[in-house]
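Here is what each chain is made of, one letter per residue.
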Amino acid sequence: MTATTSLIGAPVDRIEGDEKVRGAALYAAEHPVQRPVHVFPLQSDIALGRITGIDTAAAMREPGVLGVLTHENAPRLASTKDAELAILQSPEVAFRGQFIGAVLAETAEAARRAANLVRPSYETRTHDVSLHPARPDLVKPGEVNGGFPTDTDDGDVDGALATAAVVVDATYTTPQEHNNPLEPHATIAMWTDDELTLYDSTQGVHWVRDTIAALFGMEPHRIHVVCPHTGGGFGSKGLPHAHVVLAAMAAQLVAPRPAKLVLTRQQMFSVVGYRTGTIQRIRLGCEASGVLTAISHDVVEQTSRIKEFAEQTAVPTRVMYAAPNRRTTHRLAELDVPVPSWMRAPGEAPGMFGLEVAMDEMAIACGLDPVEFRIRNEPDTDPETGRPFSSRNLVACLREGARRFGWDGRDPAPRAHHDGSWLVGTGVAASTYPVFSMPGSRAIIQARPDGRYRVLIGAADIGTGAWTALTQIAADALGVGMSEVALSIGDTDLPYATGAGGSTGILCWGSAIVDAARRLRTELPAGEPVPDEGVEVTGALPDNPYAGQLSMHSFGAQFAEVRVHTATGELRVPRLLGIFAVGRMINAKTGRSQLLGGMTMGLSMALHEHSVVDPRFGHVVNHDFAEYHIPVNADIGDIEADWIDEHDPYVNPMGAKGIGELGIVGTAAAIANAAHHATGIRVRDLPITLDRFL
Ligand code: MOS
């Protein structure tokens, strides 16, 4: 392959695809280690209280059992500040499913069988696990995830609503949902002397290293984390959860033998995070001409009593539409529940469901087409900070999407279109996601006398194509072909990298690689022979001089066609189209797949996902794929994602915006809006199930 700038954007096949198809790509639990001890967690059967005793006698009699770890014999941690991770340090139980121990055995089967024979006894206290708006005593202001202000308030929302020609005032809810990556969370932990090796399924090896080092009171360099491939995470593998601590504790007991812990799908429903349910009151005020005068978004959601996590649900509302009077608030209910965490587009995914359905309701109330209504309320600058956008092409996405979807000439009347027994409708919603940057990533490039280059960075490929995209970025920046570049990622022995989170991966890692390549080309211009000893340079993610001056976000517009059966209420989505503005696309093939994956997860949010909590016991009842529904191929019709030409020289050296999360944002609203167009029934509560239409 010759060096050309067209390498960026090319639909290059995954460089590790062949390894994955052959089963040669190693996932966490597959790393070959000598005589692993198998670890099966013990989980609390109560939602709140304390353990008064644990009878392990029957478990210990099982063949192959090596020991039972409980709070009575567990290693003491150096730091107990993080109550989610500081497991087995006391007999207290803070939520149902919390780890209270583990069985260690020669086989996974023996460990699991023995775990069923352990008999804990408890003193229970009355728990509360229900997110309910009528419990203001539970609700307190929280700091919002991502460092955003909890509340914002501009102008006079109540005054503007009182005098508005048209008002929408409605409550939207989204349920608790669980991350379900294909590869379950898994960790192999191994102590040798005072060093710890972790083969862990993670979105960031250095984040695991640093978190575990603090818990165990170790120098980070004494922990080695390895993860070349991750089978999805969606945020649930962003930071290590308690199972990593449990595996490391178990390994301490059996050292130098490794300890292997693979969570079951059911266990994942209580210990690796989830998306909190949300209750969102949205009030919009409009002039008769369809110009918004007030936007108000008040959110109630839950957090765990032991560790605060505040989903930034109303934050996207701060950037979407112009209006002089605006307000956003977040309030948390502290409950006896597992700790919520990141799930693909935390904040934007639920918040944009509420806002974009409310926008549809307001468009209809004003007698305007919903595409035109959004365009009419497009802001010139960031509506709350007043900063210019580095680029903002929402209108271009709406227009291009409308053109490709065949939106023009749409009859706005609801319940007006039949195809036999099916009611047919179309809907639109906007997408947005911030362009975040996390400082710290570094990359090393080594030029070798044979003309090849090694690129080293502790980045992660969580199934998205980072192996390929980073190789493209490196080859492009060096001015060589991809076959000249050998990339290494997924190992803390490599230069520090931030994790795959907040859709920052390619942006931060790629920028560090581009910086290293520039330094290398200063030392060693292209075409010059490499000295025998080779040349090595280190690059780093540069500070962005525009950060704090420009508002940086990606945008998109999603269009859905929905058919609802008049007799059964069954809802089908034969068509989904997303048009996005994401700066420069690095890899057209893997990038499109990311956007399609996001939209598919958005359809899943619209129609399927709902973690049902039993308030009597505090657990998620439908904790497996039999009952926690996600779409199968038959649920997805004609789905397409594309992007407009967008040039943004301000976001980073590649001009690229993140694409991992944008695709899920807005899909559920587009489907709900299309369902309203089809049936005349407004669904404000997810998921949209067939009973709503009967
Ligand atoms: Mo993403 S939810 O920041 O992994």
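Residues numbered from 1 in each chain as written. Predicted model: local features only at pLDDT ≥ 70, side-chain atom pairs only at ≥ 80, totals over all residues.

(A) Quick peek at the overall build of the protein. When you go through the protein residue by residue, the secondary structure sums to 15 helices and 28 strands. Relative to its length of 694 residues, the protein is compact, with a C-alpha radius of gyration of 26 Å against a globular reference of 26 Å. A principal-axis box enclosing the C-alpha atoms of the protein has dimensions of 75 × 75 × 50 Å. Residues classed as buried in the protein amount to 56% of the 694 residues present. If you take every contact in the protein between residues at least 6 apart in sequence, the share linking residues at least 24 apart comes to 83%. (Helix = DSSP H or I, 4+ residues; strand = E, 2+ residues; numbered from the N terminus. Rg over C-alpha atoms; globule rule 2.2 N^0.38 Å. Buried ≥ 20, exposed ≤ 12 C-beta atoms within 10 Å, placed from the backbone. Contact = placed C-beta atoms within 7 Å.)

(B) The sheet that holds strand E11 (residues 195–200), seen in detail. What the 7 strands build is an open sheet, ordered E3-E5-E1-E13-E10-E11-E12; its pairing is mixed. Strands with a single pairing partner mark the edges of an open sheet, and in this sheet they are strand E3 (65–70) and strand E12 (223–226). Neighbouring strand axes in the sheet, compared pairwise and without regard to direction, differ in orientation by 20 degrees on average. Sheet topology places strand E1 (residues 37–43) next to strand E5 (residues 99–105); 6 bridges connect them, and they run antiparallel. From the neighbouring strand, histidine 38 faces E5, where its bridge partner is alanine 105. (Pairing = 2+ DSSP bridges. Axes fitted to C-alpha atoms, helices over the stretch in contact; angles between N-to-C directions.)

(C) How the structure looks around the domain arrangement of the protein. Each assigned domain of the protein is listed with its residue range as follows: domain 1 (33–46 + 48–126 + 180–271), domain 2 (138–177 + 275–436 + 548–693) and domain 3 (438–540). Taken over C-alpha atoms, the centre of domain 1 sits 34 Å from the centre of domain 3. Elements represented by at least two residues in the side of domain 1 that touches domain 3 include exactly helix H5 (205–216) and E12. (Domains from an automatic or database assignment.)

(D) Local environment of the nonpolar core. One finds Val103, Leu104, Ala250, Ile513 and Ile671 to be the most contacted residues of the largest nonpolar core, which totals 213 residues. For this core, the element with the highest residue contribution is helix H6 (residues 242–254), accounting for 11 residues. In contact with isoleucine 671, other than residues within four places in its own chain, are Gly427, Ala560, Val562, Val573, Leu603, Ala606 and Ile688. (Core = buried A, V, L, I, M, F, W, Y, C linked by C-beta atoms within 7 Å.)

(E) How the structure looks around the UniProt feature "domain: Aldehyde oxidase/xanthine dehydrogenase a/b hammerhead" (unreviewed entry) in the protein. As recorded in UniProt, the feature "domain: Aldehyde oxidase/xanthine dehydrogenase a/b hammerhead" (unreviewed entry) lies at residues 22–126. From the first C-alpha to the last, residues 22–126 spans 52 Å; its make-up is 12% helix and 33% strand. (UniProt positions renumbered as here; feature names shortened; annotations may be inferred.)

(F) Broad picture of the packing of helix H9 (residues 348–366) against helix H15 (residues 667–679). With their axes 8 Å apart at the nearest point, H9 and H15 run at an angle of 35 degrees to one another. Read as a crossing pair, H9 and H15 show a hand that is right-handed. Residues Met352, Phe353, Glu356, Val357 and Asp360 of H9 form the contact with H15, whose own contacting residues are Ala668, Ala669, Ala672, Asn673 and His676. In terms of residue class, the contact of H9 with H15 is built from 6 nonpolar, 2 polar and 2 charged. (Left-handed = near helix turned anticlockwise from the far one by under 90°. Nonpolar A, V, L, I, M, F, W, Y, C, P; charged D, E, K, R; others polar.)

(G) Local environment of the sheet that holds strand E2 (residues 49–55). The strand order E4-E2-E6 describes an open sheet built from 3 strands, whose pairing is antiparallel. The strands lining the two open edges of the sheet, one partner per strand, are strand E4 (92–93) and strand E6 (119–124). Bridging between E2 and E6 involves 6 bridges; their strand directions are antiparallel. Bridge pairing in E6 links glycine 49 to threonine 124.

(H) How the structure looks around H15. Taking 1.5 Å per residue as the helical rise, H15 with its 13 residues ought to reach 18 Å, and the 18 Å between its terminal C-alpha atoms agrees with that figure. Within H15, 13 of the 13 residues are buried, leaving the element largely enclosed by the surrounding structure. (Expected span 1.5 Å × (residues − 1).)

(I) Structural detail: the environment of valine 573. Among the structural elements, valine 573 can be located in strand E25 (residues 571–581). On a C-alpha basis, the gap between valine 573 and glycine 425 in space is 9.9 Å, while along the polypeptide they are 148 residues apart. Non-local contacts of valine 573, meaning those with residues more than four positions away in its chain, are made with Ala560, Glu561, Val562, Leu603, Gly637 and Ile671.

(J) The arrangement of unusual backbone geometry in detail. In this chain, alanine 255 is followed by proline 256 through a cis amide linkage whose omega measures 5 degrees. With respect to the helices and strands, the residue proline 256 is situated in the loop between H6 and strand E13 (259–262). Residue proline 687 is reached from leucine 686 by a cis peptide bond, and omega for that bond is -5 degrees. In this fold, proline 687 is placed in the segment after H15. Phi is positive for aspartate 193, which is not a glycine, with a value near 55 degrees. Positionally, aspartate 193 belongs in the loop between strand E10 (186–192) and E11. In this structure, phenylalanine 234 is a non-glycine residue whose phi angle is positive, near 55 degrees. For phenylalanine 234, the position within the fold is in the loop between E12 and H6.

(K) Summary view of the confidence of the model for the protein. Per-chain confidence: the protein averages 96 in pLDDT, with 98% of residues scoring 70 or above. Ranking the helices and strands of the protein by mean pLDDT puts H15 first, with 99, and strand E7 (residues 139–141) last, with 71. (pLDDT = per-residue confidence, 0-100.)

(L) Quick peek at the environment of serine 421. Residue position: serine 421 is located in the loop between strand E18 (418–419) and strand E19 (422–434). Spatially, the C-alpha atom of serine 421 lies 45 Å from that of asparagine 325, the residues being 96 residues apart in sequence.

(M) The arrangement of the packing of helix H14 (residues 588–607) against H15 in detail. Closest axis-to-axis distance for the H14/H15 pair is 7 Å, and the angle between their directions is 55 degrees. In terms of axis orientation, H14 runs oblique to H15. Seen along the crossing, H14 lies across H15 with a hand that is right-handed. Facing Met599, Gly602, Leu603, Met605 and Ala606 of H14, the residues of H15 in contact are Thr667, Ala668, Ile671 and Ala672. The residue makeup of the contact of H14 with H15, split by class, is 7 nonpolar, 2 polar and no charged. (Parallel < 35°, antiparallel > 145°, perpendicular 65-115°, else oblique.)

(N) Local environment of the pairing of E11. Here 6 bridges tie E10 to E11, and the two strands are oriented antiparallel to one another. Looking across to E11, one finds that methionine 190 is bridged to threonine 197. Between E10 and E11, which follow one another and run antiparallel, lie 2 residues, and aspartate 193 among them has a positive phi close to 55 degrees. Alignment of E11 against E12, held across 4 bridges, turns out to be parallel. Bridged to threonine 197 within E12 is histidine 224. Taking the sense of rotation as the criterion, the β-α-β connection linking E11, H5 and E12 turns out right-handed. (Right-handed = clockwise from strand over helix to strand, strands pointing away.)

(O) Fine view of H5. A rise of 1.5 Å per residue sets the reference length of H5, with its 12 residues, at 16 Å; its end C-alpha atoms lie 16 Å apart and thus fit the reference within 8%. With 9 of 12 residues buried, H5 lies mostly within the body of the structure. Among the residues of H5, those classed as buried are Val205, His206, Trp207, Val208, Arg209, Thr211, Ile212, Leu215 and Phe216. Tucked inside the fold, the buried residues of H5 contact E11, E12 and H6.

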